[in-house]
Amino acid sequence: MLLTLVPLILVFVLCGAGALLGFVLPERRTPALTALCGSLAAAMALLAGANVLYGSPFSGQLWTIEPLGTLAVSLDRLSAFFLIVAAVVILASSIFSASYLKRYAGHHSLRAFNAGYLLLIAAIVLILIADDVLSFLLAWEAMSILCYLLVNFEHLRDGSSQAAYLMLATGEAGFIAVEFVFVFLAIKAGSLEFGQLKTALAGLGPAARWGIFLATFFGFSTKTGLVPLNSWLPRAHPAAPANVSAILSGTILNLGFYGFIRVNFDLVPTGTTGTGVVVLVVGTVSALVGILYATAEGDLKALLAHSSIENMGVIAIGVGAALIFAASQLPVLAGMAFIAAFYHMLNHSLYKSLLFLGAGVVDERTGTRDLDKLGGLIRLMPYTAGLFLIGALAISAVPPFNGFVSEWLTFEMLLRSVELPSTSLRLLFALCGAGLALTAALAVTCFVKAFAMGFLGVSRSEAASCASKAHKTEIAPMALLAVLCLLLGLLPTYVIPVLDQSLSPRIDPHTVQALVPPFFAPAAASTELPPAFLADFHNLGAQLGQRILPGRGLVLLHRGGAENPVIFAMSPSYAFAALVLLLFLAWLVFARLARTRKLARNELWAGGIPKLLPEMVYTATGFSNPVRVVFDAVFRPAIIESKRETVAVHFRTAILRRRQDIYLVDRLFFLPLAALLRWIAGQFARMHHGRLNAYVTYAVGFLLFVLLLGLYS
Amino acid sequence: MTVSPPPPAQQRMFDTTALATEVARRFGTAVTRTSENGGAASWFVVEDRSALVPLCRFLFSEAGCGFAGMIVEERNEWNLRYLFLNPGCGWVYCILRLPLSTRTVPSISVPVHPADWYEREAEDLFGLTFQGHPRLGDFVLHDQVWQEGLTPMRKAFDAGQTQFELRPQQDWRPTLVVQDPGAFAMPVGPVYEGGIGESVHFLLETVGEDVIRAVPRLFYNYRGVEKIAEGKSLWDVLLLAERFSAKSAFAHSLAYCQAVETALHLETPPRARHLRVALSELERLRHHAGVINGICRSTALAVSESHAAIIEEKLLRASAAFSGHRYLFGLNTPGGLRRDFDSEATSALLRSVDDALQLLERLEQRLSYSSSFLDRLEDVGVVSPASARHLNLLGPVGRASGLRRDVRRVCPYSGYQHFQFQVAHEEEGDGYARLRVLFAEARQSASLIHQAIETLEPGPLCADPVPIRAAAALGWVEAPIGAAGHWVSFGRDGTIERYRILSPSFRNWMGLHVAVEDFAFQDFPIILSTFGLSATECDR
Amino acid sequence: MSFWFWHGLRNGIQSTRYPHAPETAPGVTPGRPVDTQFSSAEEAAEAAAVCPTGAIHAESARAVVDLRKCIWCQRCRFGCPRPLHWETSHTWAAGSAARGAASPLGSPFGHSLHVMVVDAGDCGACLNEVKQLNNPLYNIHRLGIFFTPTPRAADVLLVVGPVSENMKGPLLKTYEAMPEPKRVLAAGTCAITGGVFGRSFMSHGGVPSVLPVDLEIPGDPPPPLAILDALLLTAGRAKHSTLSNPETAPSPDHGPRLVKLP
Ligand code: SF4
């Protein structure tokens with residue numbers, strides 16, 4: 001209890017003190033202060049989260065406001081999971097701030113940044129521990145506004161304020177929807193506390209549940225960035241400083257899911273397949289739209305932002321599948337789908353913040369994020385390149401990194417749709433599976449592009465050719481995240497029980513048994529596994545490491561019924577060991593050969609031209625253009641400038657065709673909406689013709705209407 | 001998509017006297033007519049250099065002349081000859097004489113677009129600057145190898161020198177035209193295409209997927225033929241004329257011999273003329289079979305490619321069996337031919353030609369049924385008739401775009417006027433039209449070989465030798481790729497003073513860019529093969 | 001479209017049997033001038049005088065031909081007072097005069113020889129003759145010889161043309177880009193001595209002046225079978241019968257030399 005409470009209090013103390021101290025200390029010390037307070041606060045949060053996850057939940061009442069009710073805090077295992085994820089990301093980005101922030105020294109107010117950044121950390125922690133409607137909403141609103149301020153930090157840059165404002169506006173629209181739900185729930189239950197809400201609302205009818213679901217899904221999706229509420233996301237990320245981007249992507253997006261899950265699983269479980277279908281479909285569409293735009297994008301940070309939309313889509317697919325499985329009375333599958341979604345959320349937070357930090361370093365050292373102008377950075381900043389590569393491999397779901405495990409689990413979940421009773425649902429799952437497959441393939445293209453165009457080949461601009469190495473405090477947090485990416489990819493059997501722990505008791509207790517069979521348990525104790533099954537896997541070496549390693553085993557496995565004992569199985573750990581062994585053998589052979597054979601290094605073969613010039617190599621736009629051409633119907637680029645210049649009639653001097661995409665969501669959703677609003681406003685404008693008696697008539701008419709309404713009710 | 005050339009002005013037909021009258025009316029004393037050549041062609045001397053551009057514009061866009069090339073001669077003054085070919089009155093020369101100290105010349109390539117590359121070449125090799133030309137520098141002498149300001153075609157430059165300092169320009173950058181965001185220039189070559197391709201370097205300007213523009217970078221094969229010919233005897237230059245572009249060796253040696261014959265007033269005997277026609281057409285037939293083979297290869301239709309390759313090799317063998325050389329080297333000589341052929345040899349040749357023609361016709365028929373093949377040729381690499389006229393495209397390429405120009409008809413040589421043949425032409429200007437023209441010309445060639453050999457009469461094979469005198473003349477032929485001209489000018493010592501090759505490939509390479517705009521990358525080899533270009537013929 | 005299939009089948013195999021059987025079709029080779037015995041030294045000198053490149057020189061009453069300089073102008077064949085004897089062989093590739101006999105690449109390459117062709121200022125004839133080797137009539141794939149588009153996979157560099165200044169850089173780059181072991185073949189008289197282009201500001205006068213040449217294939221152009229023969233020599237697969245015939249073999253000092261077979 002104390003071990004949870006003290007660190008939590010320390011988080012707020014550190015953040016508050018740090019924010020104030022920033023205004024006292026000289027400004028050149030501010031980056032260090034931000035880094036110190038931020039990372040200490042993150043460490044405290046980590047401690048509290050870990051303590052809850054492995055110990056007991058914590059809850060406490062703050063104070064009671066008379067007419068409203070009691071304000072309470074609590075940290076259950078669900079929030080503890082989110083808290084840990086947030087803490088890791090914040091830790092990394094805080095350390096990163098130490099040298100990264102120096103680029104703003106002199107022309108931006110670092111004190112303001114320091115205050116905003118630390119308060120944002122406090123707000124995030126507060127959201128996660130809030131146990132009543134009021135503090136949750138207040139913390140949420142504080143978080144939104146702080147995000148707005150931080151994204152708008154470089155407010156002088158083109159489009160920065162616009163992006164931040166769009167983010168704020170979208171967030172507020174969602175907030176209003178959420179607020180209505182909470183107020184409705186609080187009135188219904190007569191209490192502010194979540195605990196009481198839950199018990200009081202057990203008997204809510206399906207229509208109300210649907211309403212709550214729709215409102216909260218809408219509201220929280222504005223933060224999660226699911227289609228169609230994500231048009232702020234690819235704008236806000238490039239505008240924000242890299243450490244804020246990392247937090248936005250690694251933490252704030254997750255908070256959307258936290259809110260959604262808190263309401264729709266904890267407080268008022270939906271319990272219908274329909275809700276799951278909505279989430280699943282929205283998730284698939286988001287994943288596809290996200291990755292398509294990411295592949296076509298040329299701005300490194302915007303690319304990562306689009307890819308966040310994709311990843312949120314993948315998580316939503318997991319959540320949607322879980323909802324459907326749960327409503328179809330398949331609790332184990334629902335549990336697995338949840339685990340897949342949570343695993344992916346965890347992974348995404350890690351590799352996306354890693355990539356954002358990497359993009360931040362590139363931006364800082366070259367002054368550009370335009371992939372068309374980068375290239376060849378691997379020679380100038382090898383560590384950054386290596387770590388970015390790990391992030392890119394992880395996000396492309398390449399083993400042995402973490403993205404592979406969660407995406408694989410999500411796929412397997414979708415394939416389990418065979419157990420669903422309804423054919424239309426199975427068809428839907430199949431379609432979503434196909435969509436996810438396309439997404440996964442495009443993700444590889446996208447990150448091959450991001451890495452290769454950024455770091456490999458020839459530098460395509462002056463700026464990229466004179467970049468300098470990243471600072472140690474920038475490399476260290478990235479390295480931390482990269483190591484976590486590898487570990488989470490190697491040891492899923494240790495991660496899954498933790499996720500299971502954080503999700504219990506909301507999911508079926510058999511889930512972890514079904515996913516991670518206890519191969520490491522002493523033979524006598526493993527009564528859960530049939531002997532024949534155990535023998536089979538013994539022969540395969542599943543028990544390799546028994547008595548040396550702790551845990552249940554290293555094989556991930558879905559155990560079905562008697563006639564189908566193994567539905568799927570894999571072991572990234574053993575596979576990695578085998579891979580390392582094979583690579584070592586290959587290296588041995590090569591080393592032997594190299595002793596007798598001369599290794600010749602030679603220039604790149606380019607058809608015999610003297611030198612491959614920067615204008616002769618593929619640009620990022622060129623690399624992804626095939627995708628653009630194939631998906632032209634989605635992008636529908638508008639040609640905004642087209643010219644063909646010639647001198648003296650026939651000598652061509654310039655051919656230029658500049659295209660601009662209007663973001664799909666804007667095109668299909670916001671622009672028509674804006675047009676509709678404008679049209680409505682136009683209709684109303686007709687009433688303004690300046691005749692006084694007409695206005696009096698309107699007023700009297702409205703008065704009558706209100707009176708009639710009053711009489712009627 | 002493509003920049004459309006301006007509509008042609010009202011064109012009139014002129015004969016020699018009408019043209020002279022019209023020029024006199026328009027330009028008065030600024031342009032005078034000379035009788036240097038004995039009145040066989042229209043020679044105009046531009047007295048006032050400001051009249052050059054209007055005169056050339058008048059000839060090109062009003063008098064219906066095609067631009068045939070530019071010949072720069074350095075004597076005791078600059079002597080620039082602008083060559084036009086008029087269907088009504090034959091060759092028209094505009095001569096501009098400038099003192100040797102002059103470095104700038106008015107550029108005519110704004111009104112006369114085909115002059116573009118000629119002026120660039122002269123700028124690179126003679127150091128003349130063409131005022132008003134928008135794109136000079138880095139042409140024949142690549143800036144990555146040579147320094148600026150080297151003028152190898154000047155008389156003072158010693159062609160034989162092998163040791164001189166090269167100062168490549170390190171900061172060379174290609175001039176790129178496509179400015180789309182993310183555009184880049186994909187380099188191809190000069191060593192590419194499985195190696196068995198000529199050395200050409202292309203920069204394909206693209207934003208990925210589709211190529212917006214392709215710019216060839218030529219002259220990798222430049223061996224300075226025109227320069228090393230200077231000071232050589234006419235027999236040695238004959239070897240050069242034959243060997244600078246072997247695929248049309250006979251045509252070029254014929255043009256050279258005709259130039260010498262005109263300059264020295266040699267009368268070729270009829271038997272030699274007939275045999276020359278037969279050999280020229282044999283070469284055209286073989287050349288076209290080779291181009292058709294290339295087209296089949298570029299479309300990856302393997303059986304047809306093999307079929308065409310067999311035809312080409314059979315014709316090569318027939319050439320060797322007939323003449324002793326697979327590429328017809330060593331046959332032409334000023335005044336006639338070096339060797340005679342008996343009737344057994346000629347009838348064997350006719351049999352081989354008939355065989356080859358039969359195979360070609362079968363190939364043509366099959367290809368016209370192969371939809372996948374036609375899909376890749378139709379509407380690919382289109383050159384509109386207007387563009388073709390504007391760029392003066394030559395040979396089968398021009399004729400496939402509706403230009404019915406063939407010097408065998410317009411200015412017959414070697415007795416072509418006595419034979420029956422049609423000038424094959426198509427209107428569409430796409431890859432398939434070019435293929436059809438090639439087949440039609442191959443048929444005409446076979447028929448011409450028959451006519452020439454069947455009307456062969458016994459007689460002498462070579463004119464009697466005459467003394468060499470200081471004179472200059474142009475010889476021209478319709479080479480397989482298009483009209484070629486060789487300008488030979490003898491010095492007082494009887495050696496060649498200036499040798500100029502107006503090669504058809506040079507012109508068609510210049511026009512290639514209109515066919516390679518906005519196309520899919522995979523069509524590139526197809527467009528290139530249908531043009532049937534030769535880099536070595538262009539480079540010299 | 002299926003007719004192409006039948007078309008191919010009906011035409012059957014047209015490839016030559018060479019080198020397993022001699023190829024005698026008329027016109028496969030232009031032949032070559034060979035050393036000729038005249039009755040007097042004057043006659044031999046007269047015969048040598050017609051040659052524009054100095055490929056013939058008189059050794060007492062014998063006119064001796066240096067094929068490395070011959071440009072197949074046929075002036076010593078037709079229309080001259082003292083014609084030389086011409087024979088219709090095609091196996092005259094020989095080790096480079098500068099480097100002596102080159103060793104073949106050896107058995108690993110015997111049936112898998114990858115050839116990179118570079119046009120270094122060629123007139124188009126040699127290149128076309130190389131191209132003819134892909135022709136079904138020669139079909140060198142049947143012998144395990146392939147043309148490759150990249151020097152990285154090439155064992156043999158086959159250069160045609162006198163090496164123009166503009167192509168020198170690309171040629172050297174190609175050579176450097178090839179892995180060891182590699183052999184350089186100069187095909188055509190231009191590639192050996194510069195031919196008609198000789199040495200000038202623009203021409204390097206043959207490949208030997210820029211690269212170590214292992215095997216020279218005289219000819220203007222060398223017919224496909226001469227090139228094929230040289231490739232077989234390089235792979236260590238040719239058995240020379242014609243050149244080892246003392247009657248027709250050129251004298252050791254001036255004519256091409258035999259490649260030493262393993
Ligand atoms: S064919 Fe050869 S040897 Fe005979 S004259 Fe010509 S170059 Fe000399």
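Residues numbered from 1 in each chain as written. Chains lettered and ligands numbered in written order. Predicted model: local features only at pLDDT ≥ 70, side-chain atom pairs only at ≥ 80, totals over all residues. Heavy atoms only, no water.

## Some details on the overall build of chain C
Line of reasoning, step 1. For chain C, the helix and strand inventory stands at 6 helices and 11 strands.
Line of reasoning, step 2. Per-residue burial for chain C yields a buried fraction of 62% across its 262 residues.
Line of reasoning, step 3. Partitioning the contacts of chain C with sequence separation of at least 6, the portion at a separation of at least 24 is 77%. (Helix = DSSP H or I, 4+ residues; strand = E, 2+ residues; numbered from the N terminus. Buried < 20%, exposed > 50% of the residue type's maximum accessible area, 1.4 Å probe, protein only. Contact = heavy atoms within 4.5 Å.)

## A closer look at the sheet that holds strand β2 (residues 42–46) of chain B
Residue and element names in this part refer to chain B.
Line of reasoning, step 1. Read from one edge to the other, the open sheet built from 5 strands follows the order β1-β2-β5-β4-β3, with strand pairing classed as mixed. Every other strand in the sheet has two partners, leaving β1 (31–34) and β3 (66–74) as the edge strands with one partner each. Adjacent strand axes in the sheet meet at a mean angle of 25 degrees, parallel and antiparallel pairs treated alike.
Line of reasoning, step 2. Where β1 meets β2, 4 bridges bridge the pair, whose relative direction is antiparallel. Bridge pairing in β2 places Val 31 opposite Val 46.
Line of reasoning, step 3. Seen against the sheet, helix α1 (residues 16–27) touches β1, β2 and β5 (90–99) and runs at an angle of roughly 15 degrees to β2. (Pairing = 2+ DSSP bridges. Axes fitted to C-alpha atoms, helices over the stretch in contact; angles between N-to-C directions.)

## Focus: the interface of chain C and chain B
Line of reasoning, step 1. Listed by partner, the interface residues are 63 residues for chain C and 73 residues for chain B.
Line of reasoning, step 2. When chain C packs against chain B, close to 5,600 Å² is buried across both sides, 61% of that on carbon and sulfur atoms.
Line of reasoning, step 3. Looking only at chain C, the three residues that lose the most surface to chain B are Trp4(C), Asn166(C) and Phe201(C), adding up to 15% of its buried area.
Line of reasoning, step 4. Inspection of the chain C/chain B interface yields 2 salt bridges.
Line of reasoning, step 5. Where chain C meets chain B, there are 23 residue pairs in polar contact (both at pLDDT 80 or more).
Line of reasoning, step 6. Take the side of chain C that touches chain B: its biggest share by element is 7 residues, from helix α3 (residues 125–132) of chain C.
Line of reasoning, step 7. Among the residues forming the side of chain C that touches chain B, the class breakdown is 35 nonpolar, 18 polar and 10 charged. (Buried area = accessible area lost by both parts, 1.4 Å probe. Salt bridge = Lys/Arg side-chain N within 4 Å of Asp/Glu carboxyl O. Polar contact = N/O pair within 3.5 Å; in protein donor to acceptor, adjacent residues only side chain to side chain. Nonpolar A, V, L, I, M, F, W, Y, C, P; charged D, E, K, R; others polar.)

## Section: the nonpolar core
Line of reasoning, step 1. Residues Ile124(A), Phe136(A), Met143(A), Phe342(A) and Leu409(A) are the most contacted members of the largest nonpolar core, which totals 205 residues.
Line of reasoning, step 2. Ranked by the residues each element gives to this core, the list is headed by helix α13 (residues 331–366) of chain A, at 21 residues.
Line of reasoning, step 3. Not counting residues up to four positions away in its chain, the partners in contact with Leu409(A) are Ala340(A), Tyr343(A), Ile496(A), Leu515(A), Leu556(A) and Phe568(A).
Line of reasoning, step 4. Formed by 187 residues, the second largest nonpolar core is a distinct cluster that contains Ala115(B), Leu285(B), Leu331(B) and Cys190(C). (Core = buried A, V, L, I, M, F, W, Y, C linked by side-chain atoms within 4.5 Å.)

## A closer look at the domain arrangement of chain A
Line of reasoning, step 1. Examined at the domain level, chain A breaks down into domain 1 (1–205), domain 2 (271–509) and domain 3 (517–573).
Line of reasoning, step 2. Here the C-alpha centre of domain 3 of chain A lies 42 Å away from the C-alpha centre of domain 1 of chain A. (Domains from an automatic or database assignment.)

## Observations concerning the packing of aromatic side chains
Line of reasoning, step 1. On inspection of all chains with the given rule, the structure shows 49 aromatic pairs over all chains.
Line of reasoning, step 2. Judged by centre distance (5.3 Å) and plane angle (75 degrees), the ring pair of Trp117(B) and Phe139(B) falls under edge-to-face. Placement of Trp117(B) in helix α3 (residues 116–126) and of Phe139(B) in the loop between β7 (129–131) and β8 (184–188) is noted, with a sequence separation of 22 residues between them. This pair shows no difference in class: Trp117(B) is buried, exactly as Phe139(B) is.
Line of reasoning, step 3. Their ring planes at 55 degrees and their centres at 4.8 Å tell us that Tyr118(B) and Phe506(B) sit as a pair that is tilted. Taken as a pair, Tyr118(B) in helix α3 and Phe506(B) in helix α15 (residues 504–515) lie far apart in primary sequence, 388 residues in all. Neither Tyr118(B) nor Phe506(B) differs from the other in exposure class; each is buried.
Line of reasoning, step 4. In this structure an aromatic cluster arises from ring pairing among Phe67(B), Phe84(B), Trp117(B), Tyr118(B), Phe139(B), Phe219(B) and Phe506(B).
Line of reasoning, step 5. A cation sits over an aromatic face here: Arg339(B) above Phe78(C), 3.8 Å from the ring centre.
Line of reasoning, step 6. Sitting over the ring of Tyr432(B), Arg436(B) keeps its end group 4.7 Å from the ring centre. (Phe/Tyr/Trp six-rings, centres within 6.5 Å; stacked < 30°, edge-to-face > 60°. Lys NZ or Arg CZ within 6 Å of the ring centre and 35° of its normal.)

## Focus on the packing of helix α17 (residues 423–455) of chain A against helix α24 (residues 620–630) of chain A
How two helices pack is summed up by the angle between their axes together with the distance between the axes.
Residues and elements named next belong to chain A.
Line of reasoning, step 1. Contact geometry of α17 with α24 gives a least axis separation of 10 Å together with a crossing angle of 170 degrees. It follows from the interaxial angle that α17 and α24 lie roughly antiparallel. On the side of α17, the interface is formed by Leu 442, Thr 445, Val 448, Lys 449 and Met 453, while α24 contributes Ala 620, Phe 623, Ser 624 and Val 627.
Line of reasoning, step 2. A per-class count over the contact of α17 with α24 returns 6 nonpolar, 2 polar and 1 charged. (Parallel < 35°, antiparallel > 145°, perpendicular 65-115°, else oblique.)

## Side note on the site of the ligand
Line of reasoning, step 1. The environment of the ligand is made up of Cys51(C), Pro52(C), Thr53(C), Ile56(C), Cys70(C), Ile71(C), Trp72(C), Cys73(C), Gln74(C), Cys76(C) and Trp86(C).
Line of reasoning, step 2. Partitioning the shell around the ligand into residue classes produces 9 nonpolar, 2 polar and no charged. (Near = heavy atom within 4 Å.)

## Some thoughts on the packing of helix α8 (residues 302–323) of chain B against helix α1 (residues 3–11) of chain C
Line of reasoning, step 1. Contact geometry for α8(B) and α1(C): axes closest at 9 Å, N-to-C directions at 40 degrees. The angle between α8(B) and α1(C) places the two elements in the oblique class. Along this stretch, α8(B) crosses α1(C), giving a crossing that reads as left-handed. Residues Val303(B), Ser304(B) and His307(B) of α8(B) touch α1(C), and the partners they reach there are Trp4(C), His7(C), Gly8(C) and Asn11(C). (Left-handed = near helix turned anticlockwise from the far one by under 90°.)

## Quick look at the environment of Lys373(A)
Residues and elements named next belong to chain A.
Line of reasoning, step 1. Counting through the fold element by element, Lys 373 comes out in the loop between α13 and α14 (377–380).
Line of reasoning, step 2. By relative accessible area, Lys 373 is classed as partly exposed at 41%.
Line of reasoning, step 3. In this structure the C-alpha to C-alpha distance between Lys 373 and Ala 464, which are 91 residues apart in sequence, comes to 7.0 Å.
Line of reasoning, step 4. The residues contacting Lys 373, other than those within four sequence positions of it, are Thr 368, Arg 460, Ser 461 and Ala 464.

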